[in-house]
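# Chains, contacts and geometry: an overview
Here is how the chains run, residue by residue.
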Amino acid sequence: MNSPRIPLLLALAATGACAASAADFSPAIVYDFGGKFDRSFNQSASVGAERFKKETGIAVHEFEIQNASQREQIMRQFARRGASIIVAVGFTQASAVETVAKEYPDVKFAVIDGLVDLPNVESINFREQESSFLCGMAAAMASKTGSVGFVGGMDIPLIRKFALGYRAGVAYVNPKDEVFENMTGTTPAAWTNPSEGSELAKSQFGRGADVVFHAAGATGIGVMQAAADAGLLSIGCDSNQDYLHPGSVLTSAVKRVDVAVYTVFTEARAGTWKAGPRVLGLAEDGVDYSLDEYNRKLVTPEMEKRLNQAKADIIAGKISVPEYKAP
Amino acid sequence: MKPADKLPRWAEFGLLPAINLCAALLISGAVIRLIGESPWAAFKLMAAGAFGAQDSIGYTLFYATDFVFTGLAVAVAFHAGLFNIGGEGQAYVGGLGVGLVCLAFGSCSPWLVIPLAIASGCAFGAAWAFVPGWLQARRGSHIVITTIMANFIASALMTYLLVNVLIKPGQQSPETREFGPGAAMPPVHELLARIGISFAPSPFNMASLLALVACALVWAFLWRTRWGYALRVVGQNPQAAVYAGISPERTIMVAMTISGGLAGCLAVNELMGSQHRILLDFPGGAGFVGIAVALMGRNHPVGILAASLLFGALYQGGSQLSFDMPHVNRDMVILIQGLVILFCGALENVFRAPLAALLRPRAARPSP
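Scope of this entry: the structure provided in the associated data block. These numbers were taken from a predicted model, which means no experiment stands behind them.

Taken together, the contacts link 37 residues of chain B with 36 residues of chain A. For the pairing of chain B and chain A, the buried interface totals around 3,100 Å² over both sides, and the portion due to carbon and sulfur atoms is 47%. The largest contributions to the chain B side of the interface with chain A come from B:Gln172, B:Phe323 and B:Arg330, which together make up 26% of the buried area. Taken together, the links from chain B to chain A amount to three salt bridges. Note that B:Arg330 is salt-bridged to A:Glu64, the shortest N-O span being 3.8 Å. Linking chain B with chain A are 14 residue pairs in polar contact (both at pLDDT 80 or more). Only α3 (54-79), α6 (143-165), α12 (266-275), α14 (301-324) and α15 (330-346) of chain B provide two or more residues apiece to the side of chain B that touches chain A. The dominant element in the side of chain B that touches chain A, judged by the number of residues it contributes, is α14(B), at seven residues. Of the residues contributing to the side of chain B that touches chain A, the split by class is 15 nonpolar, 15 polar and seven charged.

Structure below.
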């Protein structure tokens, strides 16, 4: 029974310096409704937390939110129990972060997809419209029918941001292409309803679309399944989802929430963490389109060339991608 | 229920629910053991999480307040023979009523805003429930179907309003701006602080008093007024009601309106007591938990109070459990809550017959 523990002890002893700071540094992360295994947004955050855990050996405290009142309660508890930094994942958490961060000015906070203007909060936002633009271009280039689809989770500003960028990308390649846009629902179940996602994708295929992009969390799993079943193409979201259906997933609009979480933890530990807004786009490698062994055959060299050109142009400011602004 | 299975009152309201609860916890314990944690430690954490500290108690009572409102809503409809599944939507729309008043008059005196907001929340919830009530009474559309549909319409309406109309300008999250200072339901810890008792901060607020008042009013209405009598007669036998000169149609609409008004009060607790803004999906399933609460509380205000307290404790204790035991994630907590609902609500008759047989006086037992 004792034998497996000895290497562990040795490892701890070897990284004595780390162990000492591990005792002081206590990071925490609060996931949103989707849960840490949504294969998309929250999971991406959890990948970042896992990476930090693995590389430093420091335990990361985690919590998955179940109802709205829990947010403040849990953040307060993390703060009270001596968390060094608390990362809140998702736009819905911004107001809770604002309340709790005021009560605990010595604790560091970071909110992803939200904006909180306090001296101890870092607000990380992504330019999702830029990766959506590239995915729109890829969809338009890959489409044979001249119509493509978009399945969103809920009709909220964040998802409109994806949709607007996607439309602009499609129009950039072929202004005449038609874009079908559907939202899944109006309840939180909209993010966790693969069967509805699959139905929406099928209806868009029925109307002639042959590529469909989802920005719908776990609902997107159904969208991608429907595309794979129909022998058509889908585009993943947030995490790199190319591996889910090799040969059917054209690309993914990757949002490097994992890098953001990892960076926040690392900087906080090193003492270089800074409060304030941080916006991550193509230029900062915060968002991108994915290209790996699973979709290599789907993205032709011409497509890749054009996408990379557009990417460079967006970074250089030659292409301006429209950004959805809430009313 | 067969007449032979009738239990003495103490067994009906005390022993039987306790046995059901134990059975649910036994199976939950087995599952917790399966994933490699100690069930004993888990239940201890849960109990301590619900009642172990002042703020835990505050949160437990805060959640319980939600469930009292939705539980009463289900119970009133149930006494009229109606299964109101629409508490969630009625509470959501009630939140619109509460929120609009709070946004408009938030800077006025609380003495004006609070009664106005309560009335407005009730009115909005009641109006939302009246529609299925009217459809049931006048058109025969089944209340279960129409209230479920109304839930979806409510969330579509609220999402639309929050995203396009009420959203605080210049932000991502579909939420309104914060209510003014006059629109806050006074938290209990602040009131206690005024009389010199220090109590840890929590969202536990004066809406809980409103919940107690609602319990008393519902009891008085159902068992001490002619309208309440009419409502119960319609629930038990609509033909007899007609014979007695009671209009079932009218009674159904009245019952649903009251039911919706009670559900709408949830928003007073959630929005004025805790969130101080309207946000997406703030009822968070409390409308559905209300069904379980009413079932478990035998549709009686006292039973509903007790059941709400249990579910409040399960919510708060459960969240504490998954906070302290990383292996017990939120799905596990939902499983425990689900088992309690299953045993106390749906399977309550499993132990009834054996218990009745056991408790029946020997002489009264039918000879074989």
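Residues and elements named next belong to chain A. Overall, parallel pairing links the six strands, which are arranged β2-β1-β3-β4-β5-β11 in an open sheet. Among the strands making up the open sheet, the edge pair consists of β2 (61-64) and β11 (276-280). Each strand axis lies, on average, 15 degrees off the axis of its neighbour in the sheet, ignoring direction. Both strand β5 (residues 121-126) and β11 contribute to a ladder of five bridges, which runs parallel. Residue pairing in the sheet places Ile124 in a bridge with Arg278 of β11.

Another point: unusual backbone geometry. Unlike most non-glycine residues, A:Asp285 shows phi in positive territory, near 60 degrees. Within the secondary structure, A:Asp285 is located in the loop between β11 and β12 (287-289). The phi torsion at B:His276 lies on the positive side, around 55 degrees, for a residue other than glycine. With relative accessibility at 22%, the residue B:His276 sits in the partly exposed group.

What follows is about the environment of B:Val254. Its place among the elements puts B:Val254 in helix α11 (residues 248-264). The spatial distance from the C-alpha of B:Val254 to the C-alpha of B:Phe67 is 22 Å, given a sequence separation of 187 residues.

Looking now at the packing of α3(B) against α14(B). Each packed pair of helices is defined by two parameters, the angle between the axes and the distance between the axes. All names here are of chain B. In contact at an axis separation of 7 Å, α3 and α14 are set at 135 degrees when each is read in the N-to-C sense. Considered as vectors, α3 and α14 are oriented oblique to each other. Of the two elements, α3 crosses α14, and the hand of that crossing is right-handed. For the pair α3 and α14, contact is made by Ser56, Tyr59, Thr60, Leu61, Tyr63, Ala64, Phe67, Val68, Gly71, Leu72 and Ala75 and by Pro301, Ile304, Leu305, Ser308, Leu309, Phe311, Gly312, Ala313, Tyr315 and Gln316, respectively. Split by residue class, the contact of α3 with α14 holds 15 nonpolar, six polar and no charged.

The next thing to look at is the sheet that holds strand β9 (residues 233-238) of chain A. All names here are of chain A. Here six strands make up an open sheet; going across it, the order is β7-β6-β8-β9-β10-β12 and the pairing mixed. Single-partner strands in this sheet number two, and they are β7 (178-185) and β12. Taken pair by pair, the neighbouring strands of this sheet meet at an average axis angle of 15 degrees, ignoring direction. Strand direction decides the pairing type here: β9 and strand β10 (residues 249-255), joined by five bridges, are parallel. Residue pairing for β10: Gly236 is matched across the bridge by Ser252.

The next thing to look at is a nonpolar patch on the surface. Residue and element names in this part refer to chain B. Side chains of Leu209, Leu212, Val213, Leu217 and Leu305 sit close together on the surface and give an oily, nonpolar patch of about 440 Å² of accessible area. It is helix α8 (residues 207-224) that contributes the most residues to the nonpolar patch, four residues altogether. Judged by its relative accessible area of 47%, Leu209 falls in the partly exposed class.

Let us now look at the environment of A:Ile65. Positionally, A:Ile65 belongs in the loop between β2 and α4 (70-80). Classification of A:Ile65 by relative accessible area gives buried; the value is 0%. With 35 residues separating them along the chain, A:Ile65 and A:Val30 place their C-alpha atoms 7.1 Å apart. Ignoring anything within four residues of it in the chain, the contact list for A:Ile65 reads A:Val30, A:Tyr31, A:Asp32, A:Phe33, A:Gln70, A:Arg71, A:Gln93 and B:Arg330.

Definitions and cut-offs
Residues numbered from 1 in each chain as written. Chains lettered and ligands numbered in written order. Predicted model: local features only at pLDDT ≥ 70, side-chain atom pairs only at ≥ 80, totals over all residues. Heavy atoms only, no water. Contact = heavy atoms within 4.5 Å. Buried area = accessible area lost by both parts, 1.4 Å probe. Salt bridge = Lys/Arg side-chain N within 4 Å of Asp/Glu carboxyl O. Polar contact = N/O pair within 3.5 Å; in protein donor to acceptor, adjacent residues only side chain to side chain. Helix = DSSP H or I, 4+ residues; strand = E, 2+ residues; numbered from the N terminus. Nonpolar A, V, L, I, M, F, W, Y, C, P; charged D, E, K, R; others polar. Pairing = 2+ DSSP bridges. Axes fitted to C-alpha atoms, helices over the stretch in contact; angles between N-to-C directions. Buried < 20%, exposed > 50% of the residue type's maximum accessible area, 1.4 Å probe, protein only. Parallel < 35°, antiparallel > 145°, perpendicular 65-115°, else oblique. Left-handed = near helix turned anticlockwise from the far one by under 90°. Patch = residues over 30% accessible without salt bridge, like charges linked within 9 Å, V, L, I, M, F, W, Y side chains within 5 Å. Areas by Shrake-Rupley, 256 points an atom, 1.4 Å probe, with all protein chains shown as cover.

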